[in-house]
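# Fold and contact review
Below, each chain spelled out in residue letters.
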Amino acid sequence: MRVNSWNEWDPLKHIIVGRAVGTMVQAPEPAVQRDWPEHGFSLGTFGRFPKEMEEKAEELLDDFAEILESHGIRVDRPTPLDFSQPVQTPDWKQETMFGCMAPRDLLLVIGNEILEATMSYRSRWFEYLCYRPLLEQYFKEDSKMRWEAAPKPRLTDRSYKKGYWEKFNAMNHNEQLESGKARDWVLTEAEPLFDAADVARCGKDLFVQASTATNSAGTDWLRRHFPDHRIHVVHFLEDSPLHIDATFVLLRPGLALSNPERPSLVPGLKELFDKNDWEIVECAEPARHGKASLSFCSQWLSMNCLVLDSETVCVEAGETAQIKQLEKLGFDVISVPFWDVSPFGGGLHCATADVCREGTCRDYFPEQIEGF
Ligand code: ABU
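Just so it is clear, the structure is predicted and the values come from calculations on it, not from any experiment. (Residues numbered from 1 in each chain as written. Predicted model: local features only at pLDDT ≥ 70, side-chain atom pairs only at ≥ 80, totals over all residues. Heavy atoms only, no water.)

### Observations regarding helix H7 (residues 267-275)
Those residues of H7 not exposed but buried are Gly 268, Leu 269, Leu 272 and Phe 273. The buried residues of H7 occupy an angular sector of 130° when projected down its axis, which confines them to one face. As for H7, its buried residues are in contact with strand S11 (205-209), strand S12 (230-234), strand S13 (248-252), strand S14 (255-258) and strand S15 (279-282). At the C-terminal side of H7, Asp 277 shows a positive phi close to 60°. (Buried < 20%, exposed > 50% of the residue type's maximum accessible area, 1.4 Å probe, protein only. Helix = DSSP H or I, 4+ residues; strand = E, 2+ residues; numbered from the N terminus. Arc of directions from axis to C-beta. Contact = heavy atoms within 4.5 Å.)

Next comes the structure, spelled out in structure tokens:
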């Protein structure tokens with residue numbers, strides 16, 4: 001086996017698919033405060049997801065793994081921990097962890113390197129342990145694999161704006177959007193923080209979303225860590241952005257999907273794509289409106305697809321308009337029932353992390369934009 005993946009569309013050979021078992025509605029912490037009274041988890045309460053939801057999600061994840069295997073792709077799975085246990089560092093104590101359904105959030109694969117992201121939630125601080133058995137195995141099996149971990153963050157109170165959620169919750173939606181425009185989110189710049197799922201990989205170019213999980217120090221760290229890449233910091237209109245893969249999705253050379261509700265706030269992005277003859281197509285209308293019960297993800301998981309190669313894509317089975325659109329764009333679509341997995345942390349892209357795709361590092365944007 002080998003670790004190798006430079007973009008989102010080269011032929012997929014080996015992937016990690018997450019697991020739902022043991023996932024928690026996590027205890028409140030400075031970065032995130034769940035408040036779902038209508039589903040039995042009002043602010044301050046926390047606990048394991050209902051058993052029937054967990055069993056359904058596990059079944060769908062197993063089915064998805066089988067679909068991938070039937071396409072000749074090797075699939076590995078993480079080892080869940082007891083996520084209900086309290087965790088602590090010398091600086092803080094957190095009543096629960098979260099889960100390991102979304103490897104994409106944590107593992108960034110660039111070429112032969114697997115980089116463990118810092119993450120920014122205390123409940124996710126130890127999530128990397130779920131992937132350590134796999135990473136140890138890859139390290140043994142592939143003598144060229146680079147195994148890296150970004151500096152583990154302290155996540156003390158200095159890393160979060162005091163009283164942020166009280167202020168945010170008191171705003172109306174327009175005010176929340178304005179605050180998103182100003183990049184006024186919960187994280188401070190005390191230390192580098194980023195989630196791997198805020199990065200869209202495109203050969204020599206990496207698009208890194210400024211978000212509620214990724215601060216400027218985090219993007220700066222990535223820039224210094226990948227000196228041979230061009231890091232483009234992108235920012236979209238959204239009150240609380242979290243991960244780029246339900247906002248701006250790279251489908252194949254020359255084609256990207258954008259979210260019509262979340263336009264780019266950095267003009268350089270469109271300019272760069274235009275200049276290099278890439279088409280940006282607005283994604284189709286999602287089939288569902290709003291969020292699933294106990295889900296922090298949006299309806300835009302409709303565009304959170306997994307590309308198997310530049311002609312084949314996995315899309316959530318209920319997203320009929322999205323399926324049609326991708327077929328029109330020339331893809332063979334594999335429809336995968338997955339909506340019941342979304343409360344556990346996302347869609348088909350979130351639930352996976354590439355280990356190997358064929359291909360090399362190419363330059364898809366030879367014409368660059370000054371200052372972007
Ligand atoms: N983790 C992807 C979720 C993004 C979204 O719901 O918009």
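### Examining the pairing of strand S19 (residues 352-357)
Counting buried residues along S19, six of its six residues qualify, which places the element largely inside the surrounding structure. Both strand S1 (residues 12-17) and S19 contribute to a ladder of five bridges, which runs antiparallel. Note on S19: the bridge partner recorded for Leu 12 is Arg 357. (Pairing = 2+ DSSP bridges.)

### A look at the site of the ligand
Around the ligand sit Leu 242, His 243, Asp 245, Ala 246, Arg 262, Cys 297, Ser 298 and Cys 350, and that is every residue in its neighbourhood. Measuring from an oxygen atom of the ligand, one finds a backbone N or O atom of Ser 298 at 2.7 Å. Within the complex, the protein chains bury 96% of what would otherwise be the 250 Å² of accessible surface of the ligand. Among the residues forming the shell around the ligand, the class breakdown is four nonpolar, two polar and two charged. (Near = heavy atom within 4 Å. Polar contact = N/O pair within 3.5 Å; in protein donor to acceptor, adjacent residues only side chain to side chain. Areas by Shrake-Rupley, 256 points an atom, 1.4 Å probe, with all protein chains shown as cover. Nonpolar A, V, L, I, M, F, W, Y, C, P; charged D, E, K, R; others polar.)

### Observations concerning the nonpolar core
Core analysis: the biggest nonpolar cluster contains 52 residues, and Tyr 138 and Leu 222 have the highest contact counts within it. Looking at this core, the elements that each hand over two or more residues are strand S7 (107-110), strand S8 (113-116), helix H3 (132-141), helix H4 (164-169), S11, helix H6 (216-225) and S19. Once you skip the residues sitting within four places of it in the chain, Leu 222 turns out to touch Leu 108, Leu 115, Phe 194, Val 199, Val 208 and Ile 231. Within the second largest apolar cluster, 36 residues are counted, among which are Val 249, Val 266, Leu 269 and Val 281. (Core = buried A, V, L, I, M, F, W, Y, C linked by side-chain atoms within 4.5 Å.)

### Let's talk about empty space enclosed by the protein
Within this structure, the stated rule accounts for three cavities of 30 Å³ or more. Roughly 90 Å³ of internal volume is contained in the largest cavity. Along its surface, the largest cavity is lined by Glu 8, Val 199, Ala 200, Ile 244, Asp 245, Phe 248, Val 249, Leu 250, Cys 305, Val 307 and His 349. If you list the elements that add at least two residues to the lining of the largest cavity, you get strand S10 (199-202) and S13. Tallying contributions element by element places S13 first for the lining of the largest cavity, with three residues. The computed volume of the second largest cavity comes to approximately 70 Å³. The wall of the second largest cavity is formed by Arg 288, Leu 301, Ser 302, Asn 304, Glu 316, Glu 319, Phe 338, Trp 339, Ser 342, Gly 346, Gly 347 and Leu 348. Tallied by class, residues from the lining of the second largest cavity come to four nonpolar, five polar and three charged. (1 Å grid on protein atoms, 1.4 Å probe; cavity = no way out; pocket = protein on both sides within 12 Å on 5 of 7 lines; lining within 4 Å. Points joined across faces, edges and corners; volume = space filled by probe spheres on them.)

### Section: H6
Turning to H6, its buried residues number three or more, namely Gly 218, Thr 219, Trp 221 and Leu 222. Each buried residue of H6 lies within a common arc of 155° when the element is viewed along its axis, so the set occupies one face. Next to the buried residues of H6 lie S7, S8, S10, S11 and S12.

### Re the sheet that holds S11
Overall, mixed pairing links the three strands, which are arranged S10-S11-S12 in an open sheet. The sheet is open, and its two borders are formed by S10 and S12, each paired with just one other strand. Sheet twist, expressed as the mean angle between neighbouring strand axes with direction ignored, is 20°. With five bridges joining them, S11 and S12 adopt parallel strand pairing. Each bridged residue has a counterpart across the sheet, and for Gln 209 the counterpart in S12 is Val 234. Its contacts with the sheet put H6 on S10, S11 and S12, and the angle it makes with S12 is roughly 165°. (Axes fitted to C-alpha atoms, helices over the stretch in contact; angles between N-to-C directions.)

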